Amino acid sequence: MPKRIEDFIIRRNRKLNDDYFVLELDGMRSLPEIKPGQFVQVKVEGSPETFLRRPVSVHDVDYQRNILKLLIQIVGKGTETLSRMNQGDTLNLIYPLGNSFSIPSKRDRVLLVGGGCGIAPLLYLARCIASQGIMPDILLGFRNKNRIIEYEEYYDLGNVHLTTEDGSRGLRGLVTGHPVMKDNLFDRVYCCGPEMMMKAVALHCREAVISCEVSLENLMACGIGACLCCVVESIRGNLCTCIDGPVFNTKDLKW
Amino acid sequence: MVKLEISVGNLKFKNPVMTASGTFGNGSEFEDFFDVSRLGGIILKGTTIESREGNPYPRMAETPAGMLNAVGLQNKGIDYFEKYIYPKVSLFDTNVIVNINGSYLEDYVALAERIDKLDKIAAIELNISCPNVKMGGMAFGTNPQSTREVTRAVRAAYSKTLIVKLSPNVTSIVDFARIAEEEGADAVSLINTLLGMAIDIRTRKPSLSTITGGLSGPAVKPVALRMVWQTAMAVKIPVIGIGGIMNASDAVEFFLAGATAIQVGTASFIDPLSSVKIIEGIENYLEENKFGSITDIKGLINLS
């Protein structure tokens with residue numbers, strides 16, 4: 001699908017808690033096909049300190065209403081500026097960027113594992129998988145109950161399991177300690193979250209001989225494979241997270 | 001209609017806007033956004049004899065009105081270039097220019113000889129100013145004697161248009177421009193990135209794996225403009241202005257300072273259409289100010 005540069009209108013900026021918000025964006029042209037795992041490059045206006053675009057994964061797509069959703073964590077000046085944007089404001093995006101998660105075959109047993117803001121690309125992935133008639137298991141991990149990001153929508157798309165590190169909601173501990181993870185009843189695992197978590201999940205999958213795809217987040221300038229800044233070490237040398245990823249099968253990474 | 005055509009040596013450009021090496025990939029990365037043949041020229045990603053993996057991640061840090069990079073000339077080498085990249089870029093209807101890099105003088109010469117045989121490559125940009133490699137790169141471009149030797153050797157090995165890309169990390173860039181001119185360069189392009197660094201105060205680690213890197217973007221524009229102005233007064237060969245050009249107004253400043261052509265770099269990361277917008281904006285500026293040709297405003301800075 002050709003990449004586009006396009007203005008979107010903010011339909012809603014929904015604050016989830018102190019750290020997270022969801023931008024619902026109205027497309028001005030009809031949306032192209034967007035694959036699960038793809039991302040957008042958001043232009044942040046207003047300050048020379050937020051000079052470069054910010055890569056943000058697609059949280060959800062509603063083709064019928066022509067809406068794109070971005071789930072964003074406030075981590076610095078760029079995301080902080082975005083969090084203060086209002087309904088009716090214009091946001092310029094370059095999209096759709098990057099590769100995508102592979103779509104499982106109908107007989108595959110599928111587990112989605114998300115940690116913190118890493119759950120962002122999994123909603124749309126779950127939707128795409130569910131539309132294939134597959135009921136995935138969805139394992140979401142958070143630090144504690146106050147850090148939980150809304151996950152109600154995932155219930156419509158799969159069997160949801162929850163962990164918090166302190167046990168304040170769901171099972172206590174890390175996602176890798178959850179029974180659903182230990183059971184190894186899956187053919188494919190899709191994972192996004194903090195690097196430590198993804199590495200632990202990747203290691204678990206390697207030992208259990210399960211295909212594991214992760215979505216990486218690296219510092220980017222262009223997002224289109226021109227600057228070569230966002231590289232990740234792979235068994236075939238440095239690859240660009242923006243065009244060779246953001247989704248990688250962990251067997252290809254030097255993890 | 002205003003005339004945008006310019007020449008560098010014997011080489012004609014349909015307009016004076018090129019894209020800077022390392023910021024435009026091999027052109028094809030931008031084909032979804034516009035017809036890259038509209039550009040005056042495309043300077044391809046820096047190429048070396050052998051394939052290079054570049055520096056470890058992190059190799060980029062955002063800074064106020066700019067960015068630091070330490071990519072370190074990641075590229076697949078000249079064999080791969082000839083086999084896979086050259087056939088694609090040959091199809092572009094614009095001047096395709098290869099930016100060449102080496103650790104040793106012999107590398108530059110070998111590359112020049114190979115590229116001399118490629119019909120569809122219009123020129124070489126001799127990169128003696130990369131700040132992000134351990135050997136070669138800026139070491140050539142910050143030493144007058146090595147600048148002289150490498151320019152002379154590449155000139156002898158290459159029959160077509162030769163552009164020497166200069167480093168701003170010197171006391172007097174004009175001296176290096178003069179050396180390039182004396183040794184037969186058809187043009188100089190400046191500036192490459194300014195050596196800089198950033199530290200994450202939370203981790204107390206440098207933001208780049210290499211500690212230092214090259215600064216680009218609007219932050220460097222005043223420095224670049226000053227250097228282009230000084231250089232344009234000092235040499236007779238064309239000066240190609242580079243450094244933080246984000247829009248047509250920035251570009252016009254470089255022409256007024258004496259540049260014959262310009263390169264758009266970091267701007268393409270934020271707006272992939274920057275370079276074509278700049279072409280259109282220059283055209284508008286010339287029309288509005290009743291100039292017939294881009295060459296009319298070259299060096300037209302009003303110092304009265």
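(A) Representation of unusual backbone geometry in the model. The omega angle of the peptide bond from tyrosine 95 of chain A to proline 96 of chain A is -20°, so this bond is cis rather than trans. With an omega of -5°, the peptide bond between tyrosine 57 of chain B and proline 58 of chain B qualifies as cis. Position of proline 58 of chain B relative to the elements: it lies in the loop between strand E4 (41-43) and strand E5 (60-63). With phi around 60°, asparagine 66 of chain A is a residue other than glycine that occupies positive phi space. Turning to its location among the elements, asparagine 66 of chain A is positioned in the loop between strand E5 (60-62) and strand E6 (67-73). Look at alanine 65 of chain B: it is not a glycine, yet its phi comes out positive at around 55°. Within the secondary structure, alanine 65 of chain B sits in the loop between E5 and strand E6 (66-69). On the neighbour-count criterion, alanine 65 of chain B (18 C-beta atoms within 10 Å) is partly exposed.

(B) Molecular detail of the nonpolar core. Formed by 173 residues in total, the largest nonpolar core has its most connected members in Val201 of chain A together with Ile124, Val188 and Val228 of chain B. Counting the residues that make up this core, at least three belong to each of domain 1 (4-97) and domain 2 (110-215) of chain A. With sequence-adjacent residues up to four places away left out, valine 201 of chain A is seen in contact with Val113, Val175, Thr176, Val189, Cys191 and Cys212 of chain A.

(C) Structural context of the interface of chain B and chain A. Each partner contributes residues to the interface: chain B has 26 residues there, and chain A has 24 residues. The set of elements that each furnish at least two residues to the side of chain B that touches chain A consists of E5, E6 and helix H8 (267-270) of chain B. Among the residues forming the side of chain B that touches chain A, the class breakdown is 13 nonpolar, eight polar and five charged.

(D) Structural detail: the domain arrangement of chain A. All names here are of chain A. Along its sequence, chain A is carved into domain 1 (4-97) and domain 2 (110-215). For domain 1 versus domain 2, the distance between C-alpha centres works out to 24 Å. Each side of the interface is counted separately: domain 1 has 11 residues, and domain 2 has 11 residues. Those elements that place two or more of their residues in the side of domain 1 that touches domain 2 are E5 and E6. Grouping the amino acids of the side of domain 1 that touches domain 2 by side-chain chemistry returns six nonpolar, four polar and one charged.

The rules behind the values
- Residues numbered from 1 in each chain as written.
- Chains lettered and ligands numbered in written order.
- Predicted model: local features only at pLDDT ≥ 70, side-chain atom pairs only at ≥ 80, totals over all residues.
- Helix = DSSP H or I, 4+ residues; strand = E, 2+ residues; numbered from the N terminus.
- Buried ≥ 20, exposed ≤ 12 C-beta atoms within 10 Å, placed from the backbone.
- Core = buried A, V, L, I, M, F, W, Y, C linked by C-beta atoms within 7 Å.
- Domains from an automatic or database assignment.
- Contact = placed C-beta atoms within 7 Å.
- Nonpolar A, V, L, I, M, F, W, Y, C, P; charged D, E, K, R; others polar.

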